[in-house]
Amino acid sequence: MQLESMYQEIILDHYKNPNARGLREPYDGESFQVNPTCGDEVTLRVKVDGDNGESRVTDVSYDGQGCSISQASVSVLTELVTGRTVREACTTMEAFVELMQGRGQVEPDENVLADGVAFAGVAKYPARVKCALLGWMAFKSALVEAGQSPEANGVEVT
Amino acid sequence: MTTTTVDHEQRHVPEPLDVAALRADFPILARTVRDGCPLAYLDSGATSQRPNQVLDAERSFLTTCNAAVHRGAHQLAEEATDAYEHARATIAAFVGADVGELVFVKNATEGINLVSYAMGNAATAGDEAARFRLGPGDEVVVTEMEHHANLVPWQQVCRRTGATLRWLGVTDDGRLDLDDVPEVITERTKVVALTHQSNVLGTINPVAPVVRRAKEVGALTVLDACQSVPHGAVNVAELGVDFAVFSGHKMLGPSGIGVLYGRRELLEALPPFMTGGSMIEQVWMETSTFAPPPQRFEAGVPMTSQAVGLGAAVDYLSAIGMDRIAAHEHALTEAAVTELDAIDGVRIIGPTEVVDRGGAVSFVVDGVHPHDAGQVLDSLGLAVRVGHHCAWPLHRRMGVPATVRASFYLYNELSEVERLARGVREAQRFFGVV
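Residues numbered from 1 in each chain as written. Chains lettered and ligands numbered in written order. Predicted model: local features only at pLDDT ≥ 70, side-chain atom pairs only at ≥ 80, totals over all residues. Heavy atoms only, no water.

In the annotation of an unreviewed UniProt entry, chain B is listed under the name Cysteine desulfurase and assigned to Haloechinothrix alba. Looking at chain B in UniProt, the text filed under Function (unreviewed entry) is "Catalyzes the removal of elemental sulfur and selenium atoms from L-cysteine, L-cystine, L-selenocysteine, and L-selenocystine to produce L-alanine." Reading the Catalytic activity (unreviewed entry) entry of the UniProt record for chain B gives the comment "(sulfur carrier)-H + L-cysteine = (sulfur carrier)-SH + L-alanine". (UniProt positions renumbered as here; feature names shortened; annotations may be inferred.)

Per an unreviewed UniProt entry, chain A carries the name SUF system NifU family Fe-S cluster assembly protein and comes from Haloechinothrix aidingensis.

Peer 1: Go over the UniProt feature "domain: Aminotransferase class V" (unreviewed entry) in chain B with me, naming the residues and quoting the values.
Peer 2: The UniProt feature table records "domain: Aminotransferase class V" (unreviewed entry) at residues 41-420 of chain B. Spanning residues 41-420 of chain B, this segment combines 37% helix with 17% strand, and its end C-alpha atoms are found 11 Å apart. (Helix = DSSP H or I, 4+ residues; strand = E, 2+ residues; numbered from the N terminus.)

Peer 1: Describe the interface of chain A and chain B, and please don't skip the residues or the numbers.
Peer 2: With 24 residues of chain A in contact, the opposing surface of chain B contributes 17 residues. A buried area of about 1,700 Å², summed over both sides, lies between chain A and chain B, and 59% of it is on carbon and sulfur atoms. There are one salt bridge connecting chain A and chain B. Ionic pairing is found between Asp 372 of chain B and Arg 128 of chain A, a salt bridge with its closest N-O pair at 3.1 Å. The tally of links from chain A across to chain B stands at nine residue pairs in polar contact (both at pLDDT 80 or more). For the side of chain A that touches chain B, the elements supplying multiple residues, two or more each, are helix H1 (2-6), helix H2 (9-16), helix H3 (68-81) and helix H6 (126-145) of chain A. Top contributing element to the side of chain A that touches chain B by residue count: H1 of chain A, with four residues. When grouped by side-chain class, the residues that make up the side of chain A that touches chain B number 13 nonpolar, seven polar and four charged. (Contact = heavy atoms within 4.5 Å. Buried area = accessible area lost by both parts, 1.4 Å probe. Salt bridge = Lys/Arg side-chain N within 4 Å of Asp/Glu carboxyl O. Polar contact = N/O pair within 3.5 Å; in protein donor to acceptor, adjacent residues only side chain to side chain. Nonpolar A, V, L, I, M, F, W, Y, C, P; charged D, E, K, R; others polar.)

Peer 1: Before we move on, can you summarise the pairing of strand S9 (residues 243-247) of chain B with the specific residues and values?
Peer 2: Residues and elements named next belong to chain B. Along S9, five of the five residues are buried, which leaves the element largely enclosed by surrounding structure. Taking every second residue as pointing to the same face, both faces of S9 are buried, with Phe 243, Val 245 and Ser 247 on one and Ala 244 and Phe 246 on the other. Taken together, the three bridges between strand S8 (residues 220-224) and S9 define a ladder with parallel strand orientation. What sits directly across from Val 222, in S9, is Phe 243. (Buried < 20%, exposed > 50% of the residue type's maximum accessible area, 1.4 Å probe, protein only. Pairing = 2+ DSSP bridges.)

Below, the structure written as structure tokens:
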């Protein structure tokens, strides 16, 4: 059934038991993102230590409300980027965005995306892609606000 | 000569629709979706489907007499103009307006923008437009249940002119709070803009007391009739509103065509919104004078096959009878409200008493976000709308971020309501909340 291809167990698990939920201090950058077509919201904070090029994401916290896809996606995000260098985190973000915009034609790399591969099925539903990307858009904006744009860390963003 | 005895005690019961037969006019309803599920189209509140009669009318216009209307003297131009104006007359009669009181616009959104921008333009127009002027101290009144199309244009004209926006509230059960009327609509009110039927709650608003109060204080009234004109008999003259708008695509017609109704006396005094060709009387290098309405408000070559298509849609609806359509939708709405209300964990956002209530049924399912519920319904072939339905402040008022909305039309069947209820139970099962 198609429904199961979108709602992988991993997604439902993250939706019901999200990681790192609740906003924390201190932080260096914060972003609020809303999907104007449905009203889903994410506020995400990022703490970064170290200089550009060597900087590391030391904490990500968030709050939000919305569908299982948007809320599970931001929960997976925290697992994928916390503790990584900004460069690694941005590379992962690029891989995730590429997967989501691939209309189901992109083969995800589990080594890069870990639980993020569960969203491959969502990419076949164009109306839901924005849901999956909401948290990642917040992450990217929060990094920029923290003075840590992907470009400054050597990652080309499409 | 025969005489008929009318029993006034007996309520007139319209003859039921032959839904199976009329569904054959809508080829799209026969398709399947998502791996072979028969389509249950429950999203007519967003846009309706079009019968062959409408498609044929557009095609026939385009294959026989397509030309730019109200310009040119060749035979095609003449026939095209006749077809366009015939459509205007058909639609005007359908809503109880005179033909000169009906302006073709792109959609209801454009109609409301036309009125609000024209009011903004009144500041620099002649004395005849004085009654439309807005400025500091003036107030514009809307309601908390408006679609963004009948809210944002008024916010904007208030920003441009210094007028103040006020609104009538909504009760917990989704009705307009009439207790607010005397306090909110006052001598300072210049315009009252309200929806006839909420696209979310289904509530049919009592227009009469609002119009009465507006007249008392000398305010203009603007009715968003997008969700009412397609679904029941609406007579704008009897309602006594000054302006009304509706969209063709929500009433079996093409997209890209809508209607602004304005009382003749008002349209004659209202300054233009968009300017250019067709809407002028005389043009010099320095200045221009404008054509009388409705042409004054139809700048540029207008939508023509779309207007003809909408005329055909009105003919189609009229031939069936709006009272029969309303009765059919009432039965569907009653069934939907009853079936959904009976499911544990489902809450209907809007009146559960099916009185003065149209066929938009919005609801939330505990523990299942509307997006996710909609996805399950979609996987079963049920096309519903999810989100805030362009009425974000209303959703905030009702304490929900989003809803699932099923909206019905003449071609929907009771079996589709049953499928909807089964689908909602399936969503609860899938997400493990039951």
